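Descriptive structure summary
Spelled out from the first residue to the last, the chains are:
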Amino acid sequence: MASSFLLPMRDIVTAFEHQSQHRVSIASGSSGKLYAQIIQGAPFDVFLSADQEKPKALLESGHGISGSRFTYAQGSLVVIATNGLTDDPKALLSRGEFNRLAIANPRLAPYGAAAVETLKALTLWDAVSQKLVIGESVGQAYHFVISGNAQLAFIARAQVYNPQRKARYWPVPTKLHSPIYQDAVLLKKGSNQLAAKQLLAFLQSEQALIIMDDYGYQPAGQQ
């Protein structure tokens, strides 16, 4: 599954395991890298992408089960600043007062592609493109900023979720980038796995939707 969804998925899996007899193993990374691994035969039963294109492609290539794809959430993009900076992340981004800006690889990660779209929409691309630090996923982009190797980072809103502490971040207006619709699909290797099918059903349950809402995801309904 996409690394941007790792935190809410851990809570969803905990709830799923609590009410079922199944146990779930999570593998996370950039959607593009996971897609490549699935094509190469990785033993995954379910794929939760951060976009719609890769699950569609898996269906077209015969790696996914027809009729199983659905949009489980709509993601939100944010800009977060390292703890050493006291100004608002949006102001820092606009003024260019930073040395490094971390984003996920736009060729592999939908949140990285949305970050590039945002920078171009704000007419900041030419000014900041030489300051970019490219992570394989939004998880790595987040690591860059919390470790101090970048002063700002474009990441998923779910990554700054903390009920005890308000993280300093700027919610990027959705008008600045294409919607981040995130699709799930049952893979061919999981076609006979009851647990995989029940997990996907649970992902569409009210309980799972509440967890996703807590992390800043919007329900997108079935596509």
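Refer to the preceding data block for the structure.
Residues numbered from 1 in each chain as written. Predicted model: local features only at pLDDT ≥ 70, side-chain atom pairs only at ≥ 80, totals over all residues. Heavy atoms only, no water.

This part covers the sheet that holds strand 5 (residues 132-135). Each strand in a sheet pairs with its neighbour through backbone hydrogen bonds, running either in the same direction (parallel) or in the opposite one (antiparallel). In space, the five strands of this open sheet follow the order 5-4-6-3-7, with mixed pairing throughout. Edge strands, defined here as strands with exactly one partner in the open sheet, are strand 5 and strand 7 (169-171). The average angle at which neighbouring strand axes cross in this sheet is 25°, direction not considered. On top of the sheet, helix 7 (residues 138-146) reaches strand 3 (77-81), strand 4 (101-104), strand 5 and strand 6 (152-156); it is set at about 145° to strand 6, its chief contact. (Pairing = 2+ DSSP bridges. Helix = DSSP H or I, 4+ residues; strand = E, 2+ residues; numbered from the N terminus. Axes fitted to C-alpha atoms, helices over the stretch in contact; angles between N-to-C directions. Contact = heavy atoms within 4.5 Å.)

A few words on helix 5 (residues 110-121). Here helix 5 spans 16 Å end to end across 12 residues, near enough to the 16 Å set by a 1.5 Å rise per residue. All of the buried residues along helix 5 are Pro 110, Tyr 111, Gly 112, Ala 114, Ala 115, Val 116, Thr 118 and Leu 119. One or two steps after helix 5, the chain reaches Thr 123, where phi turns positive at roughly 55°. (Expected span 1.5 Å × (residues − 1). Buried < 20%, exposed > 50% of the residue type's maximum accessible area, 1.4 Å probe, protein only.)

Our next topic: the sheet that holds strand 1 (residues 46-48). As summarised here, the arrangement of the three strands in space is 1-8-2, forming an open sheet in which the pairing is antiparallel. Edge strands, defined here as strands with exactly one partner in the open sheet, are strand 1 and strand 2 (70-75). The sheet shows a mean angle of 15° between the axes of neighbouring strands, direction not considered.

On to the pattern of salt bridges, then. One pass over the full model with this rule turns up four salt bridges. Ionic pairing is found between Glu 136 and Lys 33, a salt bridge with its closest N-O pair at 3.5 Å. Separated by 103 residues along the polypeptide, Glu 136 in the loop between strand 5 and helix 7 and Lys 33 in helix 2 (residues 31-39) bring together distant segments of the chain. Taking the relative accessible area as the measure of exposure, Lys 33 reaches 37% and is therefore partly exposed. For Asp 51, the salt bridge is made with Lys 54, and the minimal N-O distance between the two is 2.7 Å. (Salt bridge = Lys/Arg side-chain N within 4 Å of Asp/Glu carboxyl O.)

Examined against the element boundaries, Val 79 turns out to sit in strand 3. The spacing of Val 79 and Trp 170 is 91 residues in sequence and 5.1 Å in space, taken between C-alpha atoms. Residues in contact with Val 79, not counting those within four places in the same chain, are Pro 89, Leu 93, Leu 152, Ala 153, Phe 154, Arg 168, Tyr 169, Trp 170 and Val 172.

What follows is about the packing of aromatic side chains. With the rule as written, the count across this model stands at three aromatic pairs. Geometrically, the ring pair formed by Phe 5 and Tyr 72 is edge-to-face, given 4.9 Å between the ring centres and 65° between the ring planes. Note that Phe 5 is positioned in the segment before helix 1 (6-18) and Tyr 72 in strand 2, a separation of 67 residues in sequence. Each member of the pair, Phe 5 as well as Tyr 72, is classed as buried. When the ring of Phe 16 is compared with that of Phe 202, the centres are 5.7 Å apart and the planes differ by 50°; the resulting orientation is tilted. Here the residue Phe 16 occupies a position in helix 1, and Phe 202 occupies one in helix 8 (residues 194-203), the gap between them amounting to 186 residues. (Phe/Tyr/Trp six-rings, centres within 6.5 Å; stacked < 30°, edge-to-face > 60°.)

On the secondary structure map, Ser 137 appears in the loop between strand 5 and helix 7. Given the relative accessible area of 10%, Ser 137 is considered buried. A polar contact is formed between the side chain of Ser 137 and the side chain of Ser 3, at a distance of 3.5 Å. Ignoring sequence-local partners within four residues, the contact set of Ser 137 consists of Ser 3, Gly 29, Ser 30 and Ala 104. (Polar contact = N/O pair within 3.5 Å; in protein donor to acceptor, adjacent residues only side chain to side chain.)

Okay, the packing of helix 1 against helix 8 next. It is the contact of helix 1 with helix 8, at a shortest axis distance of 11 Å, that shows an interaxial angle of 115°. Considering how the two elements wind past one another, helix 1 and helix 8 form a crossing that is right-handed. Across from Met 9, Ile 12, Ala 15 and Phe 16 in helix 1, the residues of helix 8 making contact are Ala 195, Gln 198, Leu 199, Phe 202 and Leu 203. Its residues assigned to classes, the contact of helix 1 with helix 8 shows eight nonpolar, one polar and no charged. (Left-handed = near helix turned anticlockwise from the far one by under 90°. Nonpolar A, V, L, I, M, F, W, Y, C, P; charged D, E, K, R; others polar.)

Quick look at the packing of helix 1 against helix 9 (residues 206-214) now. Following both chains from N to C, one finds helix 1 and helix 9 inclined at 155°, their axes separated by 9 Å at the closest point. It follows from the interaxial angle that helix 1 and helix 9 lie roughly antiparallel. For the pair helix 1 and helix 9, the crossing hand works out as right-handed. Within the contact between the two elements, helix 1 uses Pro 8, Asp 11, Ile 12 and Ala 15 and helix 9 uses Gln 207, Ala 208, Ile 211 and Met 212. Of the residues contributing to the contact of helix 1 with helix 9, the split by class is six nonpolar, one polar and one charged. (Parallel < 35°, antiparallel > 145°, perpendicular 65-115°, else oblique.)

What is shown is where atoms sit, not what they do.
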